[in-house]
Amino acid sequence: RSQNHLLLKKEYMRVVKIARIAFQDQNVILTNLCLDAEREKVMDSWIAQGELFCKRLLTQSEYLSALLPYGISETMVQELVVKFNELRSISVRKSEIESNLLLLTKQKRNSMVAFQRWLSDYLKIARIRFDEEPALLSHLKIK
């Protein structure tokens with residue numbers, strides 16, 4: 001996920017920087033494309049912000065026309081959308097895996113506690129059973 005994020009961030013920020021230059025005197029467009037706001041820091045919010053930017057570019061042909069002289073084409077923006085979708089899928093899968101790991105860790109911890117209780121009871125019963133035969137306790141390596 002991190003590698004995909006870094007690669008996408010590089011491409012996305014290149015387009016954002018060019019768009020800021022292309023629309024620097026057009027406050028309505030800057031606001032519409034969220035170019036006057038900081039980029040989000042949280043992954044899911046960052047992805048949503050990037051997808052919104054691309055979606056708005058693709059729905060406004062005049063925006064794309066203005067970016068074409070800067071080397072930004074509709075195909076490039078569509079490719080960004082695909083990459084944002086892929087990153088979102090990876091992010092969702094990562095969250096699912098982390099949730100499963102937390103659940104498995106909790107189950108492991110609960111199993112260890114149950115085993116420790118059982119073992120403790122076993123040792124207590126063994127001490128009671130072999131109380132009069134300390135050699136057998138020693139043979140079982142129980143103190």
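Just above, that's the structure.
Residues numbered from 1 in each chain as written. Predicted model: local features only at pLDDT ≥ 70, side-chain atom pairs only at ≥ 80, totals over all residues. Heavy atoms only, no water.

With respect to helix 3 (residues 43-59)
Selection criterion: In this description a helix means any DSSP run of H or I spanning at least four residues, a strand means any run of E spanning at least two, and both kinds are numbered starting from the N terminus. To estimate how far a helix should extend, the number of its residues minus one is multiplied by 1.5 Å. Three exposure classes are used, based on accessible area relative to the maximum for each residue type with a 1.4 Å probe and protein chains only: buried under 20%, partly exposed in between, and exposed over 50%.
Compared with the 24 Å implied by 1.5 Å per residue over 17 residues, the 24 Å span of helix 3 between its first and last C-alpha is a close match. Within helix 3 the residues assigned to the buried category are Met43, Trp46, Ile47, Gln49, Gly50, Glu51, Phe53, Cys54 and Leu57.

Topic: the environment of Gln78
The residue Gln78 is located in helix 5 (residues 74-129) in this model. Judged by its relative accessible area of 38%, Gln78 is partly exposed. As a C-alpha pair, Gln78 and Leu123 span 45 residues in sequence and 67 Å in three-dimensional space.

A short note on the state of the cysteines
Disulfide: a covalent bond formed between the sulfur atoms of two cysteine residues. To be explicit about the condition: Cysteine sulfur atoms that pair up within 2.5 Å are treated as a disulfide.
Scanning the model with the defined rule gives 0 disulfides in all. Left unpaired, Cys34 is separated from the closest cysteine sulfur, that of Cys54, by 11 Å.

Quick notes on the pattern of salt bridges
Selection criterion: What makes a salt bridge here is a side-chain nitrogen of Lys or Arg within 4 Å of a carboxyl oxygen of Asp or Glu, nothing more.
As enumerated under the stated definition, the model contains 5 salt bridges in all. One salt bridge in this structure joins Arg88 and Glu51, with 2.6 Å as the shortest N-O distance. Linking Arg88 in helix 5 with Glu51 in helix 3, this pair joins segments that are 37 residues apart in sequence. Of the charged contacts, one joins Arg129 and Glu133 as a salt bridge, the two residues approaching to 3.8 Å between their closest N and O atoms.

Let's talk about the environment of Val28
Checked against the element boundaries, Val28 lands in helix 2 (residues 27-32). Classification of Val28 as exposed rests on a relative accessible area of 68%. Put simply, Val28 and Arg14 are 14 residues apart on the chain and 21 Å apart in space, counted from C-alpha to C-alpha.

Side note on helix 5
Just so we agree on the cut-off: Any pair of residues with heavy atoms lying within 4.5 Å of one another is described as a contacting pair.
With 56 residues, helix 5 extends 82 Å between its outermost C-alpha atoms, agreeing within 8% with the 82 Å of an ideal straight helix rising 1.5 Å per residue. The set of residues buried in helix 5 consists of Val77, Leu80, Phe84, Leu87, Ser91 and Ala126. Residues of helix 5 that are buried in the fold lie against helix 1 (2-22), helix 3, helix 4 (61-67) and helix 6 (134-139).

Comments concerning a nonpolar patch on the surface
Worth spelling out the cut-off: Patch membership requires over 30% relative accessible area and the absence of a salt bridge. Like charges are linked within 9 Å, and nonpolar side chains (Val, Leu, Ile, Met, Phe, Trp, Tyr) within 5 Å. Each accessible area value is a Shrake-Rupley result obtained with a 1.4 Å probe; residue values ignore everything except the protein chains displayed when judging cover.
A cluster of nonpolar side chains, Met112, Phe115, Trp118, Leu119 and Tyr122, forms an exposed patch at the surface whose accessible area comes to about 530 Å². By relative accessible area, which is 42% here, Tyr122 ends up partly exposed.

Remarks on the packing of aromatic side chains
Aromatic ring pairs: the centre-centre distance and the angle between the two ring planes describe each pair. Let me state the cut-off plainly: Stacked, tilted and edge-to-face are the three classes applied to pairs of Phe, Tyr and Trp rings, where Trp contributes its six-membered ring and a pair requires centres within 6.5 Å; stacked means planes under 30 degrees apart, edge-to-face means over 60, and tilted covers the rest.
One pass over the full model with this rule turns up 7 aromatic pairs. Relative to Phe53, the ring of Tyr12 has its centre 5.8 Å away and its plane inclined at 75 degrees; by these criteria the two rings are edge-to-face. On the criterion of sequence distance, the pair formed by Tyr12 in helix 1 and Phe53 in helix 3 is long-range, its members being 41 residues apart. For the pair Tyr12 and Phe53, one class covers both residues: buried. Note on Tyr12 and Phe84: the rings are 5.3 Å apart at their centroids and 85 degrees apart in plane angle, and the pair reads as edge-to-face. In this pair, Tyr12 is assigned in helix 1 and Phe84 in helix 5, connecting sequence segments 72 residues apart. Grouping aromatic residues by their ring pairs yields a cluster made of Tyr12, Trp46, Phe53 and Phe84.

Considering unusual backbone geometry
Notably, Cys34 is not glycine yet its phi reads approximately 60 degrees, a positive angle. Relative to the helices and strands, Cys34 is located in the loop between helix 2 and helix 3.

Everything listed is a geometric property; what it means functionally is a separate question.
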